Amino acid sequence: MIISSYAALLALYYIYLSVNVIKIRKAEGISLGNGSNTALERATRAHGNFIEYVPISLILVFLLEYQGLASHYVHALGGLLFISRVVHGSAIINNNLKARGLSMMSTFAIVIISAVLLLLSR
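Computed from a predicted model, the values in this text were never measured in an experiment.

Asks: What's the story with the overall build of the protein in this structure? I'm lost.
Replies: A count of helices and strands for the protein gives four helices and zero strands. Secondary structure elements of the protein occur, N-terminal to C-terminal, as α-α-α-α. With respect to the three principal axes, the spread of C-alpha positions in the protein is 50 × 25 × 20 Å. Here the protein holds 122 residues, and the buried ones make up 37% of them. Look at the contacts in the protein between residues 6 or more apart in sequence, and 67% of them connect residues 24 or more apart. Entry remark: accessible area of the protein is about 7100 Å², with carbon and sulfur atoms responsible for 67%.

Structure, rendered in structure tokens:
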């Protein structure tokens, strides 16, 4: 399955986001909450936002692949998902609103396109 490779890449990026939160917590001595620390708040939101959108996106693309969607479309959706989530995580951490908005629109597009294709395939 093609989507398995993208799921693996996204899992590795998720670990990166997790380690980033841990690193800031350790450096700042903050075990719970964000201690009004902007860097920690950004890191935890990048981590949280990732886990809010990636599972449903992966499930939808997996279902499309399972139902026989052509491999180049699966690669397009999986590749765009990976790129948009990496850009989004970086944009939150670095406070880049333009990149954040663009990457969020890309993620929404993946979810919407996948959902519509699944509905039309019935």
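Asks: Honestly, the UniProt feature "transmembrane region" (unreviewed entry) in the protein in this entry has me stumped. Any pointers?
Replies: Under the feature "transmembrane region" (unreviewed entry), the UniProt entry names residues 6-25, 46-64 and 99-120. The span residues 6-25 is 100% helix and 0% strand, and its two end C-alpha atoms sit 29 Å from each other. With 100% helix and 0% strand, the stretch residues 46-64 has end C-alpha atoms that lie 27 Å from each other.

Asks: Help me understand the packing of aromatic side chains, please; the structure alone is not making it clear to me.
Replies: By convention here, two paired aromatic rings are described through the distance between centres and the angle between planes. What the rule picks out here adds up to five aromatic pairs. Aromatic ring contacts, followed pair by pair, group Tyr13, Tyr14, Tyr16 and Phe50 into a single cluster.

Asks: How should the pattern of salt bridges be read in this particular structure?
Replies: Oppositely charged side chains may form a pair once their charged atoms are brought near each other. One pass over the full model with this rule turns up one salt bridge. For Arg45, the salt bridge is made with Glu52, and the minimal N-O distance between the two is 3.2 Å. A relative accessible area of 36% means that Arg45 is categorised as partly exposed.

Asks: Sorry if this is basic, but what is going on with a nonpolar patch on the surface here?
Replies: Together, Met1, Ile56, Ile59, Phe62, Leu63 and Tyr66 give the surface a local cluster of nonpolar side chains, amounting to about 600 Å² of exposed area. The exposure class of Leu63 is partly exposed, given its relative accessible area of 32%.

Asks: Could you clarify how one ought to interpret the packing of helix α3 (residues 71-93) against helix α4 (residues 97-120) in this entry?
Replies: Relative placement of two packed helices is described by the angle separating their axes and the distance separating the axes. Axis separation between α3 and α4 bottoms out at 8 Å; the angle between their running directions is 150°. As summarised for this structure, α3 and α4 are arranged roughly antiparallel, according to the angle between their axes. For the pair α3 and α4, the crossing hand works out as left-handed. Contacts between α3 and α4 involve Leu77, Leu80, Leu81, Ser84, Arg85, Val87, His88, Ala91 and Ile92 from the former and Ala99, Arg100, Ser103, Met104, Ser106, Thr107, Ile110, Ile113 and Ser114 from the latter. By residue class, the composition of the contact of α3 with α4 is ten nonpolar, six polar and two charged.

Asks: What am I meant to see in the side chain of Arg85 here?
Replies: Looking at the secondary structure, you find Arg85 in helix α3. If near-sequence neighbours (up to four positions away) are discounted, Arg85 is found in contact with Leu10, Tyr13, Asn49, Phe50, Tyr53, Val54, Ser103, Met104 and Thr107.

Cut-off values and rules
Residues numbered from 1 in each chain as written. Predicted model: local features only at pLDDT ≥ 70, side-chain atom pairs only at ≥ 80, totals over all residues. Heavy atoms only, no water. Helix = DSSP H or I, 4+ residues; strand = E, 2+ residues; numbered from the N terminus. Buried < 20%, exposed > 50% of the residue type's maximum accessible area, 1.4 Å probe, protein only. Contact = heavy atoms within 4.5 Å. Areas by Shrake-Rupley, 256 points an atom, 1.4 Å probe, with all protein chains shown as cover. UniProt positions renumbered as here; feature names shortened; annotations may be inferred. Phe/Tyr/Trp six-rings, centres within 6.5 Å; stacked < 30°, edge-to-face > 60°. Salt bridge = Lys/Arg side-chain N within 4 Å of Asp/Glu carboxyl O. Patch = residues over 30% accessible without salt bridge, like charges linked within 9 Å, V, L, I, M, F, W, Y side chains within 5 Å. Axes fitted to C-alpha atoms, helices over the stretch in contact; angles between N-to-C directions. Parallel < 35°, antiparallel > 145°, perpendicular 65-115°, else oblique. Left-handed = near helix turned anticlockwise from the far one by under 90°. Nonpolar A, V, L, I, M, F, W, Y, C, P; charged D, E, K, R; others polar.

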